[in-house]
Amino acid sequence: RVASSSGDRTLWMVRIVGIAGILASACLLWDTADAFSVPALFTGGRIGSHRLHQCRAPGLRMVASNEDIQVGVSDDVQNVGRGTLLAKNDAVKEVTGKVQGLYDAYPYPPEAVFDGPTVGYNHRWSWTHAYSSIFGEAPQSNEIEILDAGCGTGVTAQYLSHLNPYATHFNALDLSREALNVAEERAKRADLVGKPNNAVFHHMSLYDVADLDRKYDFINCVGVLHHL
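What counts as what
- Residues numbered from 1 in each chain as written.
- Predicted model: local features only at pLDDT ≥ 70, side-chain atom pairs only at ≥ 80, totals over all residues.
- Heavy atoms only, no water.
- Pairing = 2+ DSSP bridges.
- Helix = DSSP H or I, 4+ residues; strand = E, 2+ residues; numbered from the N terminus.
- Axes fitted to C-alpha atoms, helices over the stretch in contact; angles between N-to-C directions.
- Contact = heavy atoms within 4.5 Å.
- Buried < 20%, exposed > 50% of the residue type's maximum accessible area, 1.4 Å probe, protein only.

Caption draft 1: Geometry of the sheet that holds strand S8 (residues 218–220). The strand order across the open sheet formed by 4 strands is S7-S6-S5-S8, and the pairing between neighbours is parallel. Of all the strands in the sheet, the pair left with one neighbour each is strand S7 (200–203) and S8. With strand direction ignored, the average angle separating the axes of adjacent strands in the sheet is 15°. Where strand S5 (residues 145–149) lies against S8, 3 bridges are found, and the strand directions are parallel. The partner of Asp148 across the bridge, within S8, is Asn220. Sheet strands in contact with helix H5 (residues 155–163) are S5, strand S6 (169–174), S7 and S8, and its direction is about 165° off that of S5.

This is the structure in structure tokens:
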């Protein structure tokens, strides 16, 4: 009887904790939707600043402050997304401005900047590995030109520099000036500045890449095309 009673109490405690967790999650979702004015995201409304600096009870509501950010897009841009309208110059400019504003507010990826060369290996960013995987043989030369199209805060650019030490030229571009500030600091802290395989960072749109007037052997473009 004692064991049974103890087991019953444990079961009820588990049920109570589970119900409390469900209620807390519901409060969080409700308050988050309220704090961010979710319907406004799709109607061109406004939300508070991107600086989410406080999390408090009840409901663990996230509180926004500082300047406002314009959100939402015009009917033309929405129709482009639906496939009912070809992208026009004004629609492209509008989306470009939205994307730039997003990544100025949230430089991405938010990886820490540290001193010294990057640690680790990723075959996607090694010219010799990528080439041999595609063609089944080693490249004739590792003296290549690289483009990182949409480099963000420079995490991939640092890997590309590290894994391609014989690169003769390396351009990296991004729409976000704030992200590029981090990328440049990352390259400096990694002691890459002044080396041929270090990225030359450009604050520009991928639409304008022809302005660089170069031909590239190796192009890295990750997490970018869906913004175009």
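Caption draft 2: Structural detail: unusual backbone geometry. Across the junction of Tyr108 and Pro109, the peptide omega takes the value -5°, indicating a cis bond. As for its position among the elements, Pro109 is in the loop between helix H3 (89–105) and helix H4 (127–135). Backbone geometry at Asp191 places phi at a positive 60°, although glycine is not the residue there. Positive phi values are uncommon outside glycine, yet Asp213 reaches one of about 55°. Within the fold, Asp213 resides in the loop between S7 and S8. On the accessibility criterion, Asp213 (67% relative accessible area) is exposed.

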